[in-house]
Amino acid sequence: MDRSVTIAGMGYVGLTMAACLAERGVKTVGIDVDRNRLALLSKGETTIYEPHLKDMIRKNLVSGNLSFIEDYKVLQESNVTFITVGTPSKTDDSIDLEQVRIASESIGKELKTKRDYHLVVVRSTVVPGTSENMIKELISQNSGKTCSKDFGLCMNPEFLREGSAVQDMMKPDRIIMGESDKKAGSMLEEFYNKIYSTHMPKVFRTSLETAEMIKYVNNAFLATKISFINSIAHLCERTPRTDINIVAEGLGLDPRISPSFLRAGLGWGGSCFPKDLRSFLTFAQSQNIELPVISAAMKVNDIQPILAVEKAKEFLNDLKEKCIAILGLAFKPNTDDVREAVSLKIINKLLDEGAYVRAYDPAAIENSKKMFGDQVFFAKSAQECIKGSDCCIIVTEWDEFKTLHPDDFRKNMRRPFVIDGRRIYEPKEFSDNMEYYGIGIGKD
Ligand code: UDX
């Protein structure tokens, strides 16, 4: 394979992948239908905040390894195309495959006039059967070519985490790869071997449908793990001398369980877990299968953020005209992404209750302003945010908030009460000095 690739869809995954491949010396062309986005990217500007990404894009635009274009014609000069377009939810919660359809048709139309074998790799999260029944068919119909002969198809889900996407792309811990046939899978494996060389992770080769299923099950399992520990946190609060963090630590010592994704908090959000769980459930229903464990995980997650509001109400009796400070708007630290962030649910509920909301986040204020406008006062610092407030809710565990001491809250707040929704503070240090509620701590 010559080392030139095209990537269709310059969203979060596609852009990270493009920058990382270019960084590894692969001539990479990013395709997108959004001209404004292409213009920005070509100037070295990004639409997303991700550590290291902008520097890598700028460096590789200069080196010539990276370029951005609207036209799928560029496929003629490459041997492999990755599909990384978005797969949002429809209003009925099922998966919206419109962008996948457009990308597949566009690839098919280009392959019509291409002589050489071409490998198409699906990285978008799609429900099982989509690669075989839709993507393969659309490429075949539009190109007049045959899969496994003129072109190959792989389904290679991504597991990038926002905030560490570059690192996850540069050093993945596994590669899951569904394949239409051996040739397609071997070509992709060889491609990754060149990219990762001595750091090549374990490769797991499967059918297209299995790879699609693994991606959903992976996200569903992680989200369920968090909802599980969040439910146990409620029980800990009713059980003297227990603490969910210590329970999780002990639990994680069992190698069959592992300590990760056992941090109790106000729930999970983001661009993947909520959307993917909804699509997966809808897919299962279409097959007449109930997935009660996943439904329960979603139910726990719907209630979890509201718990913080209930605690505030319990302490202040009534939230009407009370001033509540929200520290953290992004769905997790090190990102400006507020998609399905728990902060949105909390702020909406507080506003419904008639509270005044002050909020601060190191990166996500601009994105939050688009949702709340002047319904919320956006502060320029954590200290300014808590000033004069009656209660402060820690919604996202940014490092910046961890440096605050009880004195900062005591000096600035009207009534010093902290709801530590992410357990970033030492409970004893805080409860000795002020009103403090941390998720999952049983009272003595
Ligand atoms: C996730 C998957 O991890 C990734 O593999 C997939 O490709 C995309 O979805 P991401 O959405 O970036 O990645 O965030 P992640 O770090 O997984 O966290 C998701 C949510 O779970 C966040 O809201 C986070 O705050 C929450 N979380 C995570 C917890 O509440 N507790 C935990 O222990 C871990």
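To start, this report covers the structure provided alongside it. Every value quoted in this text rests on a predicted model; they were computed, and no experiment measured them.

Looking at the site of the ligand
Okay, so step 1: By nearness alone, 19 residues border the ligand, and Glu162, Arg263, Gly269, Phe331 and Lys332 come closest of all.
Okay, so step 2: Take Lys215: an N or O atom from its side chain is 3.5 Å from an oxygen atom of the ligand.
Okay, so step 3: A distance of 2.9 Å is found between an oxygen atom of the ligand and a backbone nitrogen or oxygen belonging to Arg263.
Okay, so step 4: Expressed as a share of its isolated accessible area of 670 Å², the protein-covered part of the ligand is 95%.
Okay, so step 5: Looking at the shell around the ligand element by element, the count peaks at three residues for helix H8 (residues 208–237).

Overview of the pairing of strand S9 (residues 323–327)
Okay, so step 1: Burial analysis of S9 places five of its five residues in the buried class, the great majority of the element.
Okay, so step 2: Burial of S9 is two-sided: the residues Cys323, Ala325 and Leu327 facing one way and the residues Ile324 and Ile326 facing the other way are all buried.
Okay, so step 3: The sheet contact formed by S9 and strand S10 (residues 356–360) spans five bridges and is parallel. Paired with Leu327 across the bridge in S10 is Tyr360.
Okay, so step 4: In this fold, the crossover linking S9 to S10 by way of helix H12 (residues 342–352) has right-handed handedness.
Okay, so step 5: Bridging between S9 and strand S12 (residues 391–394) involves four bridges; their strand directions are parallel. Pairing of Leu327 across the sheet is with Ile394, part of S12.

Some details on the sheet that holds S10
Okay, so step 1: Taken in spatial order, the six strands line up as S11-S10-S9-S12-S13-S14 in an open sheet, and their pairing is parallel. This sheet does not close on itself; its edge strands, each paired only once, are strand S11 (376–378) and strand S14 (435–438). Adjacent strand axes in the sheet meet at a mean angle of 20° when their direction is disregarded.
Okay, so step 2: Where strand S13 (residues 417–420) meets S14, four bridges bridge the pair, whose relative direction is parallel. Counterpart to Asp420 in the pairing with S14 is Gly438.
Okay, so step 3: Each of S9, S12, S13 and S14 touches helix H11 (residues 292–316); the most contacted strand, S13, lies at about 160° to it.
Okay, so step 4: Of the strands in this sheet, S9, S10, S11 and S12 touch H12, which is tilted by about 175° from S9.

What to know about the packing of H11 against H12
Okay, so step 1: Between H11 and H12, the least distance of the axes is 9 Å, while the angle of their chain directions is 50°. When the axes of H11 and H12 are compared, the pair comes out oblique. In this structure, H11 meets H12 at a crossing whose hand is right-handed. Seen from H11, the contacting residues are Asn301, Asp302, Pro305, Ile306, Ala308 and Val309; seen from H12, they are Val342, Lys345, Ile346, Lys349 and Leu350.
Okay, so step 2: A class-by-class count of the residues in the contact of H11 with H12 yields seven nonpolar, one polar and three charged.

Concerning the packing of aromatic side chains
Okay, so step 1: Taken as a whole, this structure holds 12 aromatic pairs when the rule is applied.
Okay, so step 2: Considering the side-chain rings of Tyr192 and Tyr196, the 5.8 Å spacing of their centres and the 20° angle between planes classify their relative orientation as stacked. You can see Tyr192 and its partner Tyr196 sitting in helix H7 (residues 182–196), four residues apart, about one turn around the helix.
Okay, so step 3: Assessed through its relative accessible area of 2%, Tyr192 is described here as buried.
Okay, so step 4: Joined through ring pairs, the aromatic side chains of Phe82, Phe191, Tyr192 and Tyr196 make up one cluster.
Okay, so step 5: The cationic tip of Lys183 hangs over the ring face of Tyr117; the distance from NZ or CZ to the ring centre is 3.7 Å.
Okay, so step 6: Directly above the ring of Phe159 sits Lys215, whose terminal nitrogen or CZ lies 5.7 Å from the centroid.

Looking at the side chain of Ser78
Okay, so step 1: Residue placement: Ser78 occurs in the loop between strand S3 (66–69) and strand S4 (80–83).
Okay, so step 2: The exposure class assigned to Ser78 is buried, which follows from its relative accessible area of 1%.
Okay, so step 3: Ignoring sequence-local partners within four residues, the contact set of Ser78 consists of Ser4, Val5, Thr6, Lys114 and His118.

Considering the packing of H8 against helix H10 (residues 273–286)
Okay, so step 1: At a minimum axis separation of 9 Å, H8 and H10 run at an interaxial angle of 115°. For the element pair H8 and H10, the recorded crossing hand is left-handed. Facing Met213, Lys215, Tyr216, Val217, Asn219, Ala220, Leu222, Ala223 and Ile226 of H8, the residues of H10 in contact are Phe273, Asp276, Leu277, Ser279 and Phe280.

Quick look at the pairing of S4
Okay, so step 1: The alternating pattern of S4 places Val80 and Phe82 on one face and Thr81 and Ile83 on the opposite face, and all of these are buried.
Okay, so step 2: Both strand S1 (residues 4–8) and S4 contribute to a ladder of four bridges, which runs parallel. By the bridge assignment for S4, Thr6 is matched with Thr81.
Okay, so step 3: Sheet topology note: the S4/strand S5 (residues 118–122) ladder contains four bridges and is parallel. When the sheet's bridge partners are listed, Ile83 is paired in S5 with Val122.
Okay, so step 4: Since S4 and S5 lie parallel, the crossover through helix H4 (residues 98–111) that links them has a hand, and here it is right-handed.

Some details on the environment of Leu351
Okay, so step 1: Within the fold, Leu351 resides in helix H12.
Okay, so step 2: Residues Leu351 and Val338, spaced 13 residues apart in sequence, show a C-alpha to C-alpha distance of 18 Å.
Okay, so step 3: Contacts of Leu351, omitting those with residues within four sequence positions, involve Val357, Phe372, Gln375 and Val376.

Quick look at the pattern of salt bridges
Okay, so step 1: Applying the stated rule across the entire model yields 34 salt bridges.
Okay, so step 2: Across the salt bridge formed by Glu105 and Arg101, the nearest N and O atoms sit 3.0 Å from each other. In this pair, Glu105 and Arg101 both sit in helix H4, four residues apart, roughly one turn of the helix.
Okay, so step 3: Residue classification places Arg101 among the partly exposed positions, given a relative accessible area of 28%.
Okay, so step 4: Residue Asp432 pairs with Lys428 through a salt bridge whose shortest N-O separation is 2.8 Å.
Okay, so step 5: Judged by its relative accessible area of 53%, Lys428 is exposed.

Rules used in this analysis
Residues numbered from 1 in each chain as written. Predicted model: local features only at pLDDT ≥ 70, side-chain atom pairs only at ≥ 80, totals over all residues. Heavy atoms only, no water. Near = heavy atom within 4 Å. Polar contact = N/O pair within 3.5 Å; in protein donor to acceptor, adjacent residues only side chain to side chain. Areas by Shrake-Rupley, 256 points an atom, 1.4 Å probe, with all protein chains shown as cover. Helix = DSSP H or I, 4+ residues; strand = E, 2+ residues; numbered from the N terminus. Buried < 20%, exposed > 50% of the residue type's maximum accessible area, 1.4 Å probe, protein only. Pairing = 2+ DSSP bridges. Right-handed = clockwise from strand over helix to strand, strands pointing away. Axes fitted to C-alpha atoms, helices over the stretch in contact; angles between N-to-C directions. Contact = heavy atoms within 4.5 Å. Parallel < 35°, antiparallel > 145°, perpendicular 65-115°, else oblique. Left-handed = near helix turned anticlockwise from the far one by under 90°. Nonpolar A, V, L, I, M, F, W, Y, C, P; charged D, E, K, R; others polar. Phe/Tyr/Trp six-rings, centres within 6.5 Å; stacked < 30°, edge-to-face > 60°. Lys NZ or Arg CZ within 6 Å of the ring centre and 35° of its normal. Salt bridge = Lys/Arg side-chain N within 4 Å of Asp/Glu carboxyl O.

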